[in-house]
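Fold and contact review
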Amino acid sequence: MIRAVEASQAVSAPVLAAYRYCETVTGQQARNFAYGIRLLPTPERRAMSALYAFSRRVDDIGDGELPGAVKVERLEDTRALLGRVQAGAVEEDDTDPVAVALAHAAGVFPIPLGGLDELIDGVQMDVRGATYETWDDLKVYCRCVAGAIGRLSLGIFGTEPGARGVERAPEYADTLGLALQLTNILRDVREDAEGGRTYLPADDLAKFGCSAGFAGPTPPEGSDFAGLVHFEVRRARALFAEGYRLLPMLDRRSGACVAAMAGIYRRLLDRIERDPEAVLRGRVSLPGREKAYVAVRGLSGFDTRHVSRRTLRGRA
């Protein structure tokens, strides 16, 4: 998968306006995502903003207060809009700026837009109130809502010519998405419980005495909540380690973007590991200065060089 390059051709005023709208949505709502995409060249940054804005629309439908039947109807309307984008049926003067921006981005980059269909499928699981017995069950959901985003993003980033093992790049992008989503699930365990959602596998909850759920700021009586969190943290770390194999396959700025976004979530994971019950007391987050540090570290290429050395040692 070679990187698509946008020539110095002018972008029309309606398309520019559509991209600006998507960048505004991204800047206002993407707490962690925005730190990474700031490191990208303009065409890639715009395309990622269009991808985020569409994904955000789907997520907002799932997370909103509408009745379930209305959510399903809106999700299908959004799927129909995606079908128009895929068919090349969105004109520059369309009234939906997200559709205009996404259609333009898909014309510039080989974005596998079917991944957005998967995202809609995943959000429909939420609307139906799906629960997950095992990690294999949860992986299906995570691949829809996060792994697919990794593969979509790879369509924008492309891969470096001659990169070793590049045929596995989509697999690594997918796995990195799973790592980020599992981190999200750990961070939001109390918030999700208050909304009537449980994502952690029922098998894992039972193993650590947490089947009663997380309705308050303290763990269920008699449970080993810290053991549960540490178990899931180890699983997430293994996913990060595998997904990070993607970094040496990307150009410097795309690698910096991925390293920054993943680095922020890995630091969140560190905080959760140090104080598991913090996720029951409130939302665990990083201060802006720490996110900025992670972005600079990603731009320096430190993480990419580290992964490259480790991969070479593994082949020796």
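About the criteria used
- Residues numbered from 1 in each chain as written.
- Predicted model: local features only at pLDDT ≥ 70, side-chain atom pairs only at ≥ 80, totals over all residues.
- Heavy atoms only, no water.
- Helix = DSSP H or I, 4+ residues; strand = E, 2+ residues; numbered from the N terminus.
- Rg over C-alpha atoms; globule rule 2.2 N^0.38 Å.
- Buried < 20%, exposed > 50% of the residue type's maximum accessible area, 1.4 Å probe, protein only.
- Contact = heavy atoms within 4.5 Å.
- Areas by Shrake-Rupley, 256 points an atom, 1.4 Å probe, with all protein chains shown as cover.
- Lys, Arg positive; Asp, Glu negative; His and termini not counted.
- Charge placed at Lys NZ, Arg CZ, Asp CG, Glu CD.
- Axes fitted to C-alpha atoms, helices over the stretch in contact; angles between N-to-C directions.
- Parallel < 35°, antiparallel > 145°, perpendicular 65-115°, else oblique.
- Left-handed = near helix turned anticlockwise from the far one by under 90°.
- Nonpolar A, V, L, I, M, F, W, Y, C, P; charged D, E, K, R; others polar.
- Core = buried A, V, L, I, M, F, W, Y, C linked by side-chain atoms within 4.5 Å.
- Salt bridge = Lys/Arg side-chain N within 4 Å of Asp/Glu carboxyl O.
- pLDDT = per-residue confidence, 0-100.
- Expected span 1.5 Å × (residues − 1).
- Polar contact = N/O pair within 3.5 Å; in protein donor to acceptor, adjacent residues only side chain to side chain.
- Disulfide = S-S within 2.5 Å.
- Arc of directions from axis to C-beta.

1. Some words on the overall build of the chain
Scanning the chain from N- to C-terminus turns up 15 helices and zero strands. For 316 residues, the compact-globule formula gives about 20 Å, and the C-alpha radius of gyration of the chain, at 20 Å, lands near that figure. Counting across all 316 residues of the chain, residues that qualify as buried make up 51%. In the chain, of all internal contacts separated by at least 6 residues, the share reaching a separation of at least 24 is 74%. Accessible area of the chain: about 14300 Å², with a carbon and sulfur share of 50%. Within the chain, one finds 42 positive and 43 negative side-chain charges whose respective centroids are separated by 9 Å.

2. What about the packing of helix H3 (residues 42-63) against helix H5 (residues 97-108)?
H5 packs onto H3 with a crossing angle of 135° between their chain directions and a minimal axis gap of 9 Å. As judged from the angle between their axes, H3 and H5 are oblique. H5 is crossed by H3, and the crossing has left-handed handedness. Taking contact as the criterion, the partners of Ala-47, Ala-50, Leu-51, Ala-53, Phe-54 and Arg-57 in H3 are, on H5, Val-98, Ala-101, Leu-102 and Ala-105. In terms of residue class, the contact of H3 with H5 is made up of nine nonpolar, no polar and one charged.

3. What to know about the nonpolar core
With 100 residues, the main nonpolar core has Leu-116 and Phe-240 as its most contacted residues. Among the elements that take part in this core, helix H7 (residues 135-157) stands out by supplying 12 residues, more than any other. Other than its neighbours up to four places away in sequence, Phe-240 contacts Leu-176, Ala-179, Leu-180, Thr-183, Ala-262, Tyr-265, Arg-266 and Leu-269.

4. A closer look at the pattern of salt bridges
One pass over the structure, following the stated rule, counts 26 salt bridges. In this structure, the salt-bridge partner of Asp-63 is Arg-197, at a minimum N-O distance of 3.0 Å. With Asp-63 in helix H3 and Arg-197 in the loop between helix H9 (189-194) and helix H10 (202-207), the pair connects residues that are 134 residues apart, well separated along the chain. Judged by its relative accessible area of 49%, Asp-63 is partly exposed. When the shortest N-O distance is used, the salt bridge between Glu-290 and Arg-271 registers 3.0 Å. One end of the pair, Glu-290, is in helix H14 (residues 288-300); the other, Arg-271, is in helix H12 (residues 252-274), with 19 residues separating them in the sequence. Residue classification places Arg-271 among the partly exposed positions, given a relative accessible area of 29%. Bridged by salt links that share partners, the residues Glu-76, Arg-79, Asp-117 and Asp-121 form one connected network.

5. Looking at the confidence of the model for the chain
Averaged over all residues, the pLDDT of the chain is 90; the fraction at 70 or higher stands at 91%. The model gives residues 2-8 a pLDDT under 50, and that stretch makes 16 contacts with residues more than four places away or in other chains. Throughout residues 311-316 the model reports pLDDT below 50, and contacts reaching past four residues in sequence, or to other chains, amount to three contacts.

6. Overview of helix H11 (residues 225-243)
Over its 19 residues, H11 runs 27 Å from end to end, which matches the ideal 27 Å to within 8%, given 1.5 Å per residue. Listed in full, the buried residues belonging to H11 are Phe-225, Gly-227, Leu-228, Val-229, Glu-232, Val-233, Arg-235, Ala-236, Leu-239, Phe-240 and Gly-243. In this structure, the buried side of H11 is in contact with H7, helix H8 (169-187), H10, H12 and helix H13 (278-281).

7. Comments concerning the side chain of Arg-79
Tracing the sequence through the fold places Arg-79 in helix H4 (residues 68-86). Looking at Arg-79, its side chain comes within polar contact range of the side chain of Asp-121, at 2.9 Å. Dropping the residues within four chain positions of it, Arg-79 is found in contact with Asp-117, Ile-120, Asp-121 and Gln-124.

8. What to know about the packing of helix H1 (residues 13-29) against H3
Interaxial distance between H1 and H3 falls to 8 Å at its minimum, and their mutual angle equals 65°. The two elements H1 and H3 meet at a crossing, and its hand is left-handed. For the pair H1 and H3, contact is made by Leu-16, Tyr-19, Cys-22, Glu-23, Val-25, Thr-26 and Gln-29 and by Arg-45, Arg-46, Ala-47, Ser-49, Ala-50, Tyr-52, Ala-53, Arg-56 and Asp-60, respectively. Broken down by class, the residue content of the contact of H1 with H3 amounts to eight nonpolar, three polar and five charged.

9. Some words on the state of the cysteines
Evaluated as defined, the whole model comprises zero disulfides. Unpaired in terms of disulfides, Cys-142 finds its nearest cysteine sulfur in Cys-144, a separation of 9.4 Å. Judged by relative accessible area, which is 0%, Cys-142 ranks as buried.

10. Details of H4
Under the 1.5 Å per step criterion, the end-to-end length of H4 is 27 Å for 19 residues, consistent within 8% with the ideal 27 Å. Turning to H4, its buried residues number three or more, namely Lys-71, Leu-75, Thr-78, Arg-79, Leu-81, Leu-82 and Val-85. Across the axial projection of H4, the buried residues extend over an arc of 160°, all falling on one side. Turned more than 90 degrees away from the buried face of H4, the exposed residues are Ala-69 and Glu-73. Count one or two residues on from H4 and you reach Gly-88, which has phi positive near 70°.

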